[in-house]
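Observations on chain architecture
This is what each chain is made of:
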Amino acid sequence: MGKLHIVGGGAIGSLVAASAQKNGVPYDCYPRDMKTMPSCAHWQNGQTTALKPATPSPIVLPKSDVLIFPLKVYQLKAALLQWLPYLTQQPTVVLLHNGMGGLEVARDLLGGDYPLLLATTSHGALKVSTSSGFHVKYTGVGATQIGAPNINKPSPQTLADLSQIAPQLASAIATLDKALPPVQYQNNILKALWTKLSVNAVINPLTALHNIQNKHIAKPEFEQSRISICNEFTQVADAYGLDFDALSVHENVLSVAKATGENYSSMHQDVAHGRQTEIDAINGYIVDMATKKGIPVPENTLLVERVKALKL
Ligand code: PAF
């Protein structure tokens, strides 16, 4: 099994590291800021896992290793550029972020033939500052969907069927599944990413603008906005050959809002902590993709403007 290299010390990156530690998968962490790297993780059953100390700088990785970027999309270009000189042996690169746009950045820098996987996760994690430094808290059991953007073969549903894809990618997925299970292979990973985009496009801006927990976006006062976002999303996705049904998109958004009801969304947290938000990679991405096809998306456009107008 290859070693897992985790770039960044955010909540999800630290969760991957802690889970790798717990499950005996060899790993290294490369946070941007060593001072804010969590030293341990708290699981839902009350157990704690100590993380090994972070590694300060990149090294040349063998092909069998896996380099995962659980970063915000706007941080990806700088991080990939920093790693580029160390990727001569083409270890598998995995992108794991909310919103869209990472694939374009990675293709630009790595080229279209690079062994690349895209992932989206519904595991929940929160990075907390304590008197003994930063910790990561596991807030919700989830799953990770993963796939290769270039592969178009019949979909193996289970990890046992991974022999159908390139052995290097299959082995990278098996490493990730051992570190933070379950990892589910998706032949059509782009559809899975657009599905997550629809969830984030509704929950994230509404929770950030109205300072509410996820469950409150289900209130009648937000119905008009929810429906408009879902309708616009569906039209844009359709223009790119992705088949969604606006009613099912809306239902899925409501079920995720219910399942994560007590949480504050990542965009809510970004605004609360005065950090840059991911609005460009979420509703901004829908607006950009719509503009290229001449589709009007007034609700998404308004949300981008309103989130950008928030004082950070
Ligand atoms: O960005 C987030 O917060 C999460 O992706 C989600 C699903 C909206 C739950 O909070």
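Owing to the predicted nature of the structure, the values given are computational and were not obtained by experimental measurement.

Another aspect to go through is the overall build of the protein chain. Helix and strand content of the protein chain: ten helices and eleven strands. Computed over its C-alpha atoms, the radius of gyration of the protein chain comes to 19 Å, within 12% of the 20 Å expected for a compact globule of 312 residues. Taken along the three principal axes of its C-alpha coordinates, the protein chain extends 50 × 50 × 35 Å. Put simply, of all contacts in the protein chain between residues at least 6 apart along the chain, 71% involve residues at least 24 apart.

Take the pairing of strand 8 (residues 124-130) next. Of the strand pairs in this sheet, strand 8 and strand 9 (residues 133-140) are connected by seven bridges, and their pairing is antiparallel. Across the sheet, the residue bridging to Gly124 is Gly140, located in strand 9. The hairpin formed by strand 8 and strand 9 contains two residues between the paired strands.

It is worth spelling out the UniProt feature "domain: Ketopantoate reductase C-terminal" (unreviewed entry) in the protein chain at this point. The sites that carry the UniProt feature "domain: Ketopantoate reductase C-terminal" (unreviewed entry) are, in the present numbering, residues 188-310. This span, residues 188-310, is 67% helix and 0% strand, and a straight line between its end C-alpha atoms measures 35 Å.

This part covers the nonpolar core. Grouped together as the largest cluster of nonpolar side chains are 83 residues, with contacts concentrated most on Leu15, Ile68 and Val94. Broken down by element, this core gets its largest block of residues, ten residues, from helix 5 (residues 189-210). In terms of domain composition, this core takes at least three residues from each of domain 1 (4-187) and domain 2 (190-309). Residue contacts for Val94: discarding those within four places in its chain leaves Val66, Ile68, Phe69, Leu117, Ala119, Ala172 and Leu176.

Pairing within the open sheet is mixed, and its seven strands lie in the order 2-1-5-6-7-10-11. Each end of this open sheet is capped by a strand with a single partner; those strands are strand 2 (27-30) and strand 11 (183-185). Sheet twist, expressed as the average angle between the axes of neighbouring strands with direction ignored, equals 25°. Strand direction decides the pairing type here: strand 1 (residues 4-7) and strand 5 (residues 66-69), joined by three bridges, are parallel. Considered in strand 5, the bridge of His5 is made with Leu67.

Pairing is mixed in the open sheet, where four strands are placed in the order 4-3-9-8. Whereas interior strands pair on both sides, the edge strands pair on one side only; in this sheet they are strand 4 (48-50) and strand 8. Adjacent strand axes in the sheet meet at a mean angle of 25°, parallel and antiparallel pairs treated alike. As defined by bridge partners, strand 3 (residues 40-42) adjoins strand 4 across three bridges and the pair is classed as antiparallel. Bridge assignment links Ala41 to a residue of strand 4, and that residue is Thr49.

Calculation rules
- Each residue is numbered by its place in its chain's sequence as written, counting from 1.
- Whole-chain, interface and lining totals are the exception, using all residues; otherwise, since this is a predicted model, local features are given only for residues with pLDDT of at least 70 and side-chain atom pairs are given and counted only at 80 or more.
- A run of DSSP states H or I qualifies as a helix once it reaches four residues; a run of E qualifies as a strand once it reaches two. Both are numbered from the N-terminal end.
- Two things to know: the radius of gyration comes from C-alpha atoms, and the globule rule equals 2.2 Å times the number of residues to the power 0.38.
- By definition, residues are in contact whenever their C-beta atoms, placed on the basis of the backbone, come within 7 Å of each other.
- Two strands qualify as a pair provided DSSP detects at least 2 bridges between them.
- UniProt positions are given in the numbering used here, feature names are shortened, and annotations may be inferred rather than shown by experiment.
- Structurally, a nonpolar core is described as a collection of buried Ala, Val, Leu, Ile, Met, Phe, Trp, Tyr and Cys residues joined by way of C-beta atoms within 7 Å.
- Put plainly, a residue is buried at 20 or more neighbouring C-beta atoms within 10 Å of its own, exposed at 12 or fewer, and partly exposed in between, counting only other residues' C-beta atoms, which are placed from the backbone.
- Boundary definitions for the domains trace back to an automatic or database domain assignment.
- Axis geometry follows a simple rule: fit a line to the C-alpha atoms, using only the stretch in contact for helices, then measure angles between N-to-C directions, giving values from 0 to 180 degrees.

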